Amino acid sequence: MKKTLLALVTLSSLGMASSVMAAAGDAMPVGTASFQWAGTVPTATNPGAGYFIIQEGDTNFTDGVLTFTNIASGGVKLNGSNEIGFKVVKDKADDGPYKPADDVTPLPYKGTLTSIKVGINGFVSEQVTDGYFNIFADSQKLVVNTADSINKSAANNITRLTVKPKDANANADLNASDAVVVQALIAVNPTDV
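Residues numbered from 1 in each chain as written. Predicted model: local features only at pLDDT ≥ 70, side-chain atom pairs only at ≥ 80, totals over all residues. Heavy atoms only, no water.

**Side note on the overall build of the protein chain**
Turning to step 1, where the next piece is worked out: Scanning the protein chain from terminus to terminus reveals one helix and 11 strands.
Turning to step 2, where the next piece is worked out: The order of α-helices and β-strands along the protein chain, N terminus first, is α-β-β-β-β-β-β-β-β-β-β-β.
Turning to step 3, where the next piece is worked out: Within the protein chain, buried positions represent 28% of all 193 residues.
Turning to step 4, where the next piece is worked out: Pairs at least 24 apart in sequence give 70% of the contacts found in the protein chain among residues at least 6 apart.
Turning to step 5, where the next piece is worked out: Of the roughly 12800 Å² of accessible surface on the protein chain, a fraction of 56% belongs to carbon and sulfur atoms. (Helix = DSSP H or I, 4+ residues; strand = E, 2+ residues; numbered from the N terminus. Buried < 20%, exposed > 50% of the residue type's maximum accessible area, 1.4 Å probe, protein only. Contact = heavy atoms within 4.5 Å. Areas by Shrake-Rupley, 256 points an atom, 1.4 Å probe, with all protein chains shown as cover.)

Structure, rendered in structure tokens:
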């Protein structure tokens, strides 16, 4: 009798728990969230003789992060990216390698965006002329092969790069779980070495 009563109480409790979960399930729909990490080996950073192109800020040249939204009624959109900063400094010894304590003299320079490559699920290729992704330097859109679109003085020689969509209302031709990589190649020319 005790075992039967215990079994009934247990079954009743389970039934109540199921009822409570069903009621909560009716009130709130199930949601999902995605988390991902990605990495791609980029084109090598190659400073010329007499100077270095170095990181400025917390984000390494290859650690940029793109942020997307994927809403069933609104499509996939790029919200933006974190910022990747760089500057150009004189090679004090004029023979490398880079020494952060010694190589600190800022140099003026000009820069040209020479390529935007986009990879979706592993295949990286040159982006078409009117592609979805744009590279911005200090909030100014860069156009591929527009000479010297970055122009910095020695006193203000930090460039901050971000990725934005071509239009805030445009949808990306992407699907859930696509792994996306955007690579920008910028030619840097110090104007006083």
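**Re the confidence of the model for the protein chain**
Turning to step 1, where the next piece is worked out: Put simply, the protein chain has an average pLDDT of 79, and 75% of its residues get 70 or more.
Turning to step 2, where the next piece is worked out: Within the model, the stretch residues 1–25 combines pLDDT values under 50 with zero contacts to residues more than four positions away or in other chains.
Turning to step 3, where the next piece is worked out: Counting contacts from residues 32–38, a segment whose pLDDT is below 50, to residues more than four positions away or on other chains yields one contact. (pLDDT = per-residue confidence, 0-100.)

**Quick look at the side chain of threonine 159**
Turning to step 1, where the next piece is worked out: By the element assignment, threonine 159 lies in strand 10 (residues 159–165).
Turning to step 2, where the next piece is worked out: In terms of polar contacts, threonine 159 uses its side chain to reach the side chain of tyrosine 109, at 2.6 Å. (Polar contact = N/O pair within 3.5 Å; in protein donor to acceptor, adjacent residues only side chain to side chain.)

**Some points on the side chain of asparagine 157**
Turning to step 1, where the next piece is worked out: Relative to the helices and strands, asparagine 157 resides in the loop between strand 9 (150–152) and strand 10.
Turning to step 2, where the next piece is worked out: Exposure remark for asparagine 157: the relative accessible area of 5% places this residue in the buried category.
Turning to step 3, where the next piece is worked out: Leaving out residues up to four positions away in the same chain, asparagine 157 has contacts with Phe86, Lys87, Val88, Pro106, Leu107, Tyr109 and Lys152.

**Here we look at the sheet that holds strand 1 (residues 51–56)**
Turning to step 1, where the next piece is worked out: Pairing within the open sheet is antiparallel, and its five strands lie in the order 1-4-10-7-8. If you trace the sheet from one side to the other, it starts and ends with strand 1 and strand 8 (140–141), each paired once.
Turning to step 2, where the next piece is worked out: As paired elements, strand 7 (residues 133–137) and strand 10 share five bridges and run antiparallel to each other. Within the sheet, the bridge partner assigned to alanine 137 lies in strand 10 and is leucine 161. (Pairing = 2+ DSSP bridges.)

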